[in-house]
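Given next are the chains, with one letter for each unit.
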Amino acid sequence: MRTARAARAVQLSGACVRANKERGYPSVENFWNDLNKLLSDFYKVTVYKGRWVQYLEGLGMTIALAALACLIGVCIGVLVALVKYYAGGKKSFGWKTVNAACGIYVTVIRGTPMMVQLLIWSGVIFATSRNFTMVGALGVGVNSGAYVAEIVRGGLMSVDVGQSEAGRSLGLGYLDTMRFIVIPQAFKNILPALGNEFITLFKDTSLVSAIGGAELIYYAKAVGTKTFDVMYPYIGIACMYLAVVMVLTWLQGKLERRLRSSER
């Protein structure tokens, strides 16, 4: 009697296991199979054939691209801001024309999507060029220049006019007054907004992949195409972007604290 009951229990247990498998219920066997598949896929898109090197190459290209675009944006933005700041009070036709041209540049760049601008740079202005990475750096830099210009101009206007008048009364010229009196004070005011703009610029470099530029997303897509798996590459580059942004945010906060302590 006991033997019959034990056999019946084994049959019921086997039937339950088979039913759970058919219904997709989790089991220890399914768990280990899924875990083994995840680890195998992770190995395939990261370690196999040294594919982790491609991610590092993409990160290096992205940082270099962001640095070049940042340099272009700062040069354009500071120049445009200084021109608008100086030409704002001038009544001559030449200065009015230059001021209007700077205003059109800022309005057009800030009023159109960066994706559209990159497509124009690659498909219209530099249609014959195959160096899409450099074209993308130029497009991102020109886009950032418009925002940097408004940030710098706002910082210059935040400095009291009496500071400039005091510099002039001491015999300093316009450039010396701006260099030694106005710009150092304005820099402390614009640093938070400028740091946020640089962080945004670093993330916006991902749009360069839309025109064929080589950066982090470009390399992640290449790995995904070879392995037919894009989950790990995309999650991996997202973690890379997050790590770099956290480092930039930490450096920005450290610089702000340094400047605040120098005021005391």
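Residues numbered from 1 in each chain as written. Predicted model: local features only at pLDDT ≥ 70, side-chain atom pairs only at ≥ 80, totals over all residues. Heavy atoms only, no water.

Novice: Could you give me a rundown of the overall build of the chain, with the residues and numbers involved?
Specialist: Looking only at helices and strands, the chain features ten helices and zero strands. Counting from the amino terminus, helix and strand elements in the chain follow one another as α-α-α-α-α-α-α-α-α-α. Taking all 264 residues of the chain together, 34% fall into the buried category. Intrachain contacts of the chain at a sequence separation of at least 6 include 74% that bridge at least 24 residues. About 16,200 Å² of surface is accessible on the chain, with carbon and sulfur atoms providing 66% of the total. (Helix = DSSP H or I, 4+ residues; strand = E, 2+ residues; numbered from the N terminus. Buried < 20%, exposed > 50% of the residue type's maximum accessible area, 1.4 Å probe, protein only. Contact = heavy atoms within 4.5 Å. Areas by Shrake-Rupley, 256 points an atom, 1.4 Å probe, with all protein chains shown as cover.)

Novice: Outline the layout of surface pockets, supporting the account with residue identities and numerical values.
Specialist: Here the largest pocket defines a volume of roughly 280 Å³. Contributing to the lining of the largest pocket are 14 residues, with C70, G195, F198, I199 and L248 lying nearest its centre. Only α3 (52-87), α8 (174-204) and α10 (231-263) provide two or more residues apiece to the lining of the largest pocket. Among the elements that take part in the lining of the largest pocket, α8 stands out by supplying six residues, more than any other. For the lining of the largest pocket, a count of residues per class yields twelve nonpolar, two polar and no charged. (1 Å grid on protein atoms, 1.4 Å probe; cavity = no way out; pocket = protein on both sides within 12 Å on 5 of 7 lines; lining within 4 Å. Points joined across faces, edges and corners; volume = space filled by probe spheres on them. Nonpolar A, V, L, I, M, F, W, Y, C, P; charged D, E, K, R; others polar.)

Novice: Describe the packing of aromatic side chains, and please don't skip the residues or the numbers.
Specialist: The description of two aromatic rings rests on the distance between their centres and on the angle between their planes. Tallied over the full model, the rule gives three aromatic pairs. Between W121 and F126, the ring centres sit 5.9 Å apart and the planes meet at 15 degrees, which makes this aromatic pair stacked. Classification of W121 as buried rests on a relative accessible area of 17%. (Phe/Tyr/Trp six-rings, centres within 6.5 Å; stacked < 30°, edge-to-face > 60°.)

Novice: Outline the nonpolar core, listing residues and values.
Specialist: Counting residues in hydrophobic clusters, the biggest one holds 23 residues, and the most contacted among them are V140, F202, L216 and I237. Elements that contribute at least two residues to this core include exactly α3, α5 (114-125), α6 (132-158), α8, α9 (216-227) and α10. Ignoring anything within four residues of it in the chain, the contact list for V140 reads A69, M114, L118, L201, D204 and V208. Counting twelve residues, the second largest nonpolar core, distinct from the first, contains A81, L156, V159 and M178. (Core = buried A, V, L, I, M, F, W, Y, C linked by side-chain atoms within 4.5 Å.)

Novice: Now, about α9: what can you tell me, with residues and values included?
Specialist: Because an α-helix packs 3.6 residues into every turn, residues spaced three or four apart end up facing the same way. With twelve residues, α9 should cover 16 Å at 1.5 Å per step; its first-to-last C-alpha distance of 17 Å lies within 8% of that length. Considered for burial, the residues of α9 that qualify are L216, I217, Y219, A220, V223, G224 and T227. Buried residues along α9 cover an arc of 160 degrees about the axis, so they all sit on one side. Looking at α9, the residues exposed on the side facing more than 90 degrees away from the buried face are T225 and K226. Two to three positions downstream of the cap, the backbone nitrogen of I217 sits 3.2 Å from a side-chain oxygen, assigning the N-cap of α9 to E215. (Expected span 1.5 Å × (residues − 1). Arc of directions from axis to C-beta. Polar contact = N/O pair within 3.5 Å; in protein donor to acceptor, adjacent residues only side chain to side chain.)

Novice: Lay out the packing of helix α4 (residues 93-111) against α6 with the relevant residues and their values.
Specialist: Closest axis-to-axis distance for the α4/α6 pair is 9 Å, and the angle between their directions is 120 degrees. If you check the angle between α4 and α6, you find them oblique. Where α4 crosses over α6, the handedness of that crossing is left-handed. Along the contact surface, α4 presents Y105, V106, I109 and R110, while α6 presents V142, N143, G145, A146, Y147, A149 and E150. For the contact of α4 with α6, the per-class residue count stands at seven nonpolar, two polar and two charged. (Axes fitted to C-alpha atoms, helices over the stretch in contact; angles between N-to-C directions. Parallel < 35°, antiparallel > 145°, perpendicular 65-115°, else oblique. Left-handed = near helix turned anticlockwise from the far one by under 90°.)

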